[in-house]
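# Coordinates in review
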Amino acid sequence: MSEARRPPVLGTHVREEIGRGAQLSYKPFVSSRDRLEWEVHIVFPDGHEQPVLVSGTAKQKILKSADAVVSYNRDLHPQSEGVFVPYPPIGDAEEE
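Note that the coordinates shown come from a computational prediction; the quantities given were computed from them, not determined experimentally.

The rules behind these values
- Residues numbered from 1 in each chain as written.
- Predicted model: local features only at pLDDT ≥ 70, side-chain atom pairs only at ≥ 80, totals over all residues.
- Heavy atoms only, no water.
- Helix = DSSP H or I, 4+ residues; strand = E, 2+ residues; numbered from the N terminus.
- Contact = heavy atoms within 4.5 Å.
- Areas by Shrake-Rupley, 256 points an atom, 1.4 Å probe, with all protein chains shown as cover.
- Core = buried A, V, L, I, M, F, W, Y, C linked by side-chain atoms within 4.5 Å.
- Buried < 20%, exposed > 50% of the residue type's maximum accessible area, 1.4 Å probe, protein only.
- Phe/Tyr/Trp six-rings, centres within 6.5 Å; stacked < 30°, edge-to-face > 60°.
- Lys NZ or Arg CZ within 6 Å of the ring centre and 35° of its normal.
- Pairing = 2+ DSSP bridges.
- Patch = residues over 30% accessible without salt bridge, like charges linked within 9 Å, V, L, I, M, F, W, Y side chains within 5 Å.
- Salt bridge = Lys/Arg side-chain N within 4 Å of Asp/Glu carboxyl O.

## Side note on the overall build of the chain
- Helix and strand content of the chain: two helices and five strands.
- When the helices and strands of the chain are listed from N to C terminus, the series reads β-α-β-β-β-β-α.
- Summarising the internal contacts of the chain: among those between residues at least 6 apart in sequence, 48% fall at separations of at least 24.
- Put simply, the chain shows about 7,200 Å² of open surface, and 51% of that area lies on carbon and sulfur atoms.

## Remarks on the nonpolar core
- Core analysis: the largest hydrophobic core is formed by 15 residues, its most contacted members being V14, L24, Y26, V40 and Y72.
- Of all the secondary structure elements, the ones that give two or more residues to this core are α1 (14-19), β2 (23-30), β3 (36-43) and α2 (66-76).
- Filtering out sequence-adjacent residues up to four positions away, V14 remains in contact with V9, L24, I42, V52, Y72 and L76.

## Things to note about the packing of aromatic side chains
- Under the defined criterion, the tally for this structure stands at zero aromatic pairs.
- Here R6 stacks its cationic end above the ring of F44, 4.1 Å away from the centre of that ring.

## Structural notes on the pairing of β3
- Of the strand pairs in this sheet, β2 and β3 are connected by eight bridges, and their pairing is antiparallel. Across the sheet, residue F29 finds its bridge partner in β3, namely E37.
- In this antiparallel pair of consecutive strands, β2 and β3, the connection spans five residues, and D34 shows a positive phi of 65°.
- In terms of strand pairing, β3 meets strand β5 (residues 62-63) through two bridges, oriented antiparallel.

## Let's talk about a nonpolar patch on the surface
- A cluster of nonpolar side chains, namely V30, L36 and Y87, defines an oily patch on the protein surface of about 310 Å² accessible area.
- Along the polypeptide, V30 turns up in strand β2.

Next comes the structure, spelled out in structure tokens:
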């Protein structure tokens, strides 16, 4: 059984998808400026996950601070008690 291709999810439609049971996921990465940032993804009830795109540019939605992750999530899930803000593991320190 092949999976049907879903259209991209633009930021203006995230709230609608959440109303249908989708959840948000935040993927941490270190930017080219050596800063921790988060890509916003949407996870559908069937487990399919894809990036959320900015409506005006169709580029990946990026949040540039943990405060932005909390604020974005709180706006979309006002009744929630919080959000998990992941970060990448720290690489092995060279202590020799």
